[in-house]
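# Residue-level structure breakdown
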Amino acid sequence: MGGEGLPISHFAIRGEPAMIRVELIPLCLFCLLTVPGCESRAEYDAEGLFKQVSPSIVTVQTFDEKGRQQGQGSGVVVDKGRIVTNCHVIQEADSLKISTDSQEYAASWTLTDPSRDICVLSVDGMVAPPVVIRKMGDVKIGESVFAVGNPLGFTLSVSSGLVSSISPYRDDPVIVASVPLSPGSSGGGLFDTRGRLLGITTAILTAGQSLNIVLPADWIAELSKRGIAPPPPSVIPGPEPHWMEEAQALQGAGNFPEFEKHVRKWREAQPNSALAAAYLGVALFEKNPTEAEAALREAVRLDDRNEFAWFVLAKVLYRLDRRDEAKQLLQKTQLLNPNHGSIYATKAEWLLADSKPKEAYAAVKDAIRVEPGVGDHWRLLGIIADRLDRAGESAKAYQAALRLNPIDASSKQALSNVLARNGKADAARLTLGNENDNNPSSAGTWVSMGFTESNRKRYGDAEKAFRKAIEIAPETTNAWTGLGVVLTETNRLKEAEQAYDKAYDSKPNNPGVVAEILTNRGNVKSKLGNKRAALADIETAVKIDPTYINAYRSLGILKVEVRDHRAVVDAFRKVVASDVAGADDWATLGGSLEAIGEKRAALEALEKSEKLNPNNPKTLQDLAGYYGRNGDLQKALDYIERALKIDSSVAVNWSNKGYALLKLGRLPEAVSALETATNLDPQFANAWINLGEAQMRSNNLGKAITSLEKAVSLAPAALDARLYLAQSYLNSRQAEKARTHANVLLKAQPDLPQALAIVTLADLMDNNSAAALTNYRKIQARSPQIAQSIKAMAVSNGLSGAQALPD
C-alpha cells in the first residue's frame, strides 16, 4: 500500500484523555536527474511557462495488490523513459502507473535514495521531453519561481511565488519557496522564469504562509553515486487481511488483548511494514512500554519519515520518564508534518504537566488552528483555560467540544464543573441534565453547585445539590461537609452535627480537611450547649493541623465564653499572625489583652483592627468600651456615634451611647438614647438597667422602677439591676420592696456595703431601730466613713432613730 492519503486515521493510548487523530498527508517530493540544457532561454509568465514545461510533468498513481488505487503524486521526466518522484509517494505501492495528458503507462521502481526521499521510475514507450536543470548555487533569494504538479489529483496546474531562503534541512541545504501547494503536489517541479528546474516540491513548512521545502535539482545528478536498488516487492500468500483497518477497529473497541494479538500476526505477515511495527508499539504502550519502544524504533528504521511512528515513540519515551528525548522526537514529528494538531495537543499536555499553563495555552491554540474540528483539542483548551482562571473562555471551549461531539461526557462534566464553581449553578444544572442520572463522575459537580448555592444563601437548592452528591457517592467528604454548613446556617444543629459525623467517618486523608470537619462540628456542639465536647473537637483539630487557623479562632471564641482571657490571647495571637486575620480577630485579641491587664497591647490590637476596617461594628464597640472603661468617656462616645452612623438599628450601640451620656451627666440625652435601645430590642436587659439608672438619677422614680423591674425579669441574676431597683424603691419610701431586693443582693454578697445601707435605711423608715443598728454596725466594721455618711443621710431625711446610731 502506498501513495498520498495513507489511511492512518486515529490513534489512542489507554490512559490518555481521548482519541488522538493522526492523519498523514505528505506532499510528494520530486527529484530529477541532471539534464543539460541551454542556458539562453526566454523568460516566461505563468501561462507561458506552463505550456513550456507541463509536457515534462506526469501524474504518479499507486495501487495495492488488488489493483485498487491508494494514492497519487507527481513526477518529473528527466531522461528518456526515466521519471523522478518522491520515495514516500511510491514506497508502499504494489504497482505503479504514469499518466500524461493522453495516455497511461505501467512503471517500475528502479533506484532510490531514501534519506533524501528521491526515487527513479522507469517507463517503457513513453515519449516526453526531459527538463533542463539549473544548479542551486545560481539560485537567488527573492527571484520568481513557478511550481507545476497535480495537486489533489485534479489536473496539472501552476502556481507562482518567490524563493524565500536557502535553509538547512536534515543536514543539507534546501530551497524554501513561498509557492502555494496542496496534497498531491509532492514530486512536482519548481522552475525559474526560463523554465529551468530548480528542485522538487516536497513538504509544506507552514500552511498559513505557503512556505514549502524544495529539494535541490542538484541531488538528481548524485543519484548515480548515492542511489540503491529499491526493496523487493513483498510476496503476499493468498488473500491478505485488512491489517490496519482491523487493528484500528480492535483498538477503538478497547479490546487490547486481541489488538495486540492482531498486530503481532501483522508483524509476522509483513516484517518490513513500518506501520505494523508502529501499531505494535501502540498495542504495547500500557502493558510493556520498553518493548513498545523497541517496536517503534524498528518502525522508524524501516521508514524514517513515518510521522505516526515517531509520534508514538515520543509518547512512549515520555511515559518512560525520558522526557527530554520525548520532547526532541515530538519536535521532529512536528517538522515532518507541521499541520498535525495532535502533535501540538500533546505538547500542550506536557507543558501543562510541567506547570507551564501559559505555554500550554499557546500550544493548544496551535492545535485548534490546524485542526479546528477536533473536539479533544477544544476540551484540552477548556482544561488549560480553567487552570489559568479564565472561566469564561474555559466554558466556551467545553461548549465548542460538545458541539463537535454532543455525547462527550467528559466535556459535559467539565463544563458543568466550571459553571458551578463560578457561581452559575443554574447553567451547570442544565448542562448536567437529568437529575436522575447517577453517574459517579458527576458527584463533584453537584458538590460545586452546592457550595455555589450556599454562598448565594440559597440554602434549599444547596441542600438538594449536596444530598444529590451523597446519593451518587455516599463517601464524598466534601458533600457531607457542605451539607453540615447548610444545616448549620438553617439552624438544624442536630442534623448538622450528624452530617459532620459522616464527613469525619469518611476518613479523609488530608489533615486540613479533618481539622475543618472537627472545627465545624465543634462549633455546632458549642451552639447546642455541649461546650466540653466542642472544646475536645476543636483542640483535636489544632493538634491534627496546627496550620488550620479557623480552629484557633473557634478555640479562642470558646475561651471568651468562659472568660479564660489568657487562653483567648494565645489562640488569637496565632490567628493574627496568619494572612487570613480580619478586623474581628484583632478586636477580640484586644478585648482579652485588656482583660489580663495588658492595656497598651490591647489598644494597639484595637487600633490595628480599626486600620483593617474603620467601619467594623465590633471594632468600634470594643474601642468605645476600652475608652469608657479607662475614663475617656467623650472618646468612647465618639466611637459609638460612628457605629450608629453605620447601623442605627443596633440596640447595644444605643445602650452604650446612653450609658456614656449618663456618666457624662447628660441625663435627658441618656434617657432618650436608652429608650431607643429598649424600643429596638425589648429583651435587651442591659439597656433596661441603664435606662432605669438614668431615670433614677433624673428622679423619675416611677419610670425608673418600671424599667428596672423589666430588667430584673429579663436578668434575675443582674446585681446592678437589683441595686438600682432597691435604691429607687427606697427613694420613693417603699421600704419593704427596697429591703426585699437588697436582701437578694446580700444573699449573693453578704457584706455588700450598698445593700447593707439600703436595709439599714429601710429599717429606720419602718421604725425598726434594733434591726437598723445591727446592719449599721456591719457597715461600721467594714468602713466607718460609709457608716457616717449613712447616718448623716438618715438624719437629714428625719428618719426616726437616726440620731441614736453610734458615731
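If you're wondering where the values come from, they're calculated on a predicted model, not measured in any experiment.

Moving on: the overall build of the protein. Each helix and strand in the protein was counted, giving 37 helices and 15 strands. Taking 28 Å as the expected radius of gyration for a compact globule of 807 residues, we find that the protein reaches 46 Å, considerably beyond that expectation. With respect to the principal axes defined by its C-alpha atoms, the protein has extents near 155 × 55 × 40 Å. The burial tally for the protein puts 52% of its 807 residues in the buried class. Partitioning the contacts of the protein with sequence separation of at least 6, the portion at a separation of at least 24 is 56%. Just so you have it, the protein exposes about 36900 Å², and 51% of that area is on carbon and sulfur atoms.

Of all 11 residues in strand S4 (residues 69-79), 8 are buried; the element is thus mostly enclosed. In this structure, strand S3 (residues 57-63) lies alongside S4, joined through 7 bridges in antiparallel fashion. By the bridge assignment, Gln-61 is partnered in S4 with Gln-72. Joining the antiparallel neighbours S3 and S4 is a turn of 5 residues, in which Gly-67 adopts a positive phi near 80 degrees.

With that settled, the discussion passes to the nonpolar core. By size, the foremost hydrophobic cluster in this structure holds 88 residues, and its most contacted members are Leu-589, Tyr-627, Ile-758, Leu-761 and Leu-764. If one sorts the elements of this core by residue count, helix H35 (residues 753-765) sits on top with 8 residues. Beyond its immediate stretch of four places on either side in the chain, Leu-761 contacts Leu-730, Ile-790, Met-793, Ala-794 and Leu-799.

Attention shifts here to the confidence of the model for the protein. For the protein, mean pLDDT is 87; residues scoring 70 or higher make up 90% of the total. Here residues 1-39 scores under 50 on pLDDT; set against residues more than four positions off or in separate chains, the count is 191 contacts.

Here the focus is the sheet that holds strand S7 (residues 104-113). The 6 strands are arranged S3-S4-S5-S8-S7-S6 in a closed barrel whose pairing can be described as antiparallel. Sheet twist, expressed as the mean angle between neighbouring strand axes with direction ignored, is 40 degrees. With 3 bridges connecting them, S4 and strand S5 (residues 82-86) associate as antiparallel partners. Bridging across to S5, Val-77 finds its partner in Ile-83.

Packing of helix H15 (residues 409-421) against helix H17 (residues 443-455) brings their axes to within 8 Å, and their N-to-C directions diverge by 15 degrees. Between H15 and H17, the angle falls in the class roughly parallel. Along this stretch, H15 crosses H17, giving a crossing that reads as left-handed. Contacts from Gln-413, Ser-416, Asn-417, Ala-420 and Arg-421 in H15 reach Gly-444, Thr-445, Ser-448, Met-449 and Thr-452 in H17. In terms of residue class, the contact of H15 with H17 is made up of 2 nonpolar, 7 polar and 1 charged.

Right, let's talk about the side chain of Asn-150 for a bit. Checked against the element boundaries, Asn-150 lands in the loop between strand S10 (144-149) and strand S11 (157-169). By relative accessible area, which is 4% here, Asn-150 ends up buried. Only 2.6 Å separates the side chain of Asn-150 from the side chain of Thr-59, close enough to count as a polar contact.

Right, let's talk about unusual backbone geometry for a bit. Positive phi values are uncommon outside glycine, yet Asp-389 reaches one of about 60 degrees. Mapped onto the elements of the fold, Asp-389 is located in the loop between helix H13 (375-387) and helix H14 (391-404). Backbone geometry at Arg-563 places phi at a positive 60 degrees, although glycine is not the residue there. Structurally, Arg-563 can be placed in the loop between helix H23 (549-561) and helix H24 (565-576). A relative accessible area of 68% places Arg-563 in the exposed class.

All right, on to the packing of H23 against H24 then. Where H23 meets H24, the closest approach of the two axes is 8 Å, and the angle between their N-to-C directions is 155 degrees. The orientation of H23 relative to H24 falls into the category roughly antiparallel. Regarding H23 and H24, the two cross each other, and that crossing is left-handed. Along its contact with H23, which presents Ile-549, Tyr-552, Arg-553, Gly-556, Ile-557, Lys-559 and Val-560, the element H24 presents Ala-567, Val-568, Ala-571, Phe-572, Lys-574 and Val-575.

Our next topic: the pairing of strand S15 (residues 211-216). Judged by how many residues are buried, S15 sits mostly within the fold: 6 of 6 residues are covered. Two elements, strand S12 (residues 172-177) and S15, share 3 bridges in a ladder whose sense is antiparallel. Across the sheet, the residue bridging to Ala-177 is Asn-212, located in S15.

Counted at 1.5 Å a residue, the expected span for helix H6 (residues 256-269) with its 14 residues is 20 Å, and the 20 Å between its end C-alpha atoms agrees. All of the buried residues along H6 are Phe-256, Phe-259, Glu-260, His-262, Val-263 and Trp-266. With its buried residues spanning 165 degrees around the axis, H6 presents them on a single face. Exposed residues lying more than 90 degrees from the buried face of H6 are Pro-257, Lys-265 and Glu-268. Residues of H6 that are buried sit in contact with helix H5 (243-252) and helix H7 (274-283).

Quick look at the environment of Ala-247 now. With respect to the helices and strands, the residue Ala-247 is situated in helix H5. Judged by its relative accessible area of 0%, Ala-247 is buried. Counting along the chain gives 106 residues from Ala-247 to Ala-353, while the straight-line C-alpha distance between them is 30 Å. If sequence neighbours within four positions are ignored, Ala-247 has contacts with Phe-259, His-262, Val-263, Trp-266 and Tyr-279.

All told, the structure shown has 8 aromatic pairs when counted by the stated rule. With a centroid separation of 6.4 Å and 5 degrees between ring planes, the pair formed by Trp-243 and Trp-266 is classed as stacked. Separated by 23 residues along the polypeptide, Trp-243 in helix H5 and Trp-266 in helix H6 bring together distant segments of the chain. Residue classification places Trp-266 among the buried positions, given a relative accessible area of 3%. Relative to Phe-466, the ring of Phe-451 has its centre 5.0 Å away and its plane inclined at 75 degrees; by these criteria the two rings are edge-to-face. Of the two residues, Phe-451 sits in helix H17 while Phe-466 sits in helix H18 (residues 459-472), which places them 15 residues apart along the sequence. Classification of Phe-466 by relative accessible area gives buried; the value is 0%. Taken together, Trp-243, Trp-266, Tyr-279 and Phe-308 form an aromatic cluster joined through their ring pairs. Lying over the aromatic face of Phe-63, Lys-97 brings its terminal NZ or CZ to 5.3 Å of the ring centre.

Our focus in this paragraph is the side chain of Ser-99. Within the secondary structure, Ser-99 sits in strand S6 (residues 95-99). A distance of 2.9 Å separates a polar atom in the side chain of Ser-99 from a polar atom in the side chain of Gln-61. Each residue touching Ser-99, except ones within four places of it in the same chain, is listed here: Val-58, Thr-59, Gln-61 and Glu-104.

Conventions adopted
- Residues numbered from 1 in each chain as written.
- Predicted model: local features only at pLDDT ≥ 70, side-chain atom pairs only at ≥ 80, totals over all residues.
- Heavy atoms only, no water.
- Helix = DSSP H or I, 4+ residues; strand = E, 2+ residues; numbered from the N terminus.
- Rg over C-alpha atoms; globule rule 2.2 N^0.38 Å.
- Buried < 20%, exposed > 50% of the residue type's maximum accessible area, 1.4 Å probe, protein only.
- Contact = heavy atoms within 4.5 Å.
- Areas by Shrake-Rupley, 256 points an atom, 1.4 Å probe, with all protein chains shown as cover.
- Pairing = 2+ DSSP bridges.
- Core = buried A, V, L, I, M, F, W, Y, C linked by side-chain atoms within 4.5 Å.
- pLDDT = per-residue confidence, 0-100.
- Axes fitted to C-alpha atoms, helices over the stretch in contact; angles between N-to-C directions.
- Parallel < 35°, antiparallel > 145°, perpendicular 65-115°, else oblique.
- Left-handed = near helix turned anticlockwise from the far one by under 90°.
- Nonpolar A, V, L, I, M, F, W, Y, C, P; charged D, E, K, R; others polar.
- Polar contact = N/O pair within 3.5 Å; in protein donor to acceptor, adjacent residues only side chain to side chain.
- Expected span 1.5 Å × (residues − 1).
- Arc of directions from axis to C-beta.
- Phe/Tyr/Trp six-rings, centres within 6.5 Å; stacked < 30°, edge-to-face > 60°.
- Lys NZ or Arg CZ within 6 Å of the ring centre and 35° of its normal.

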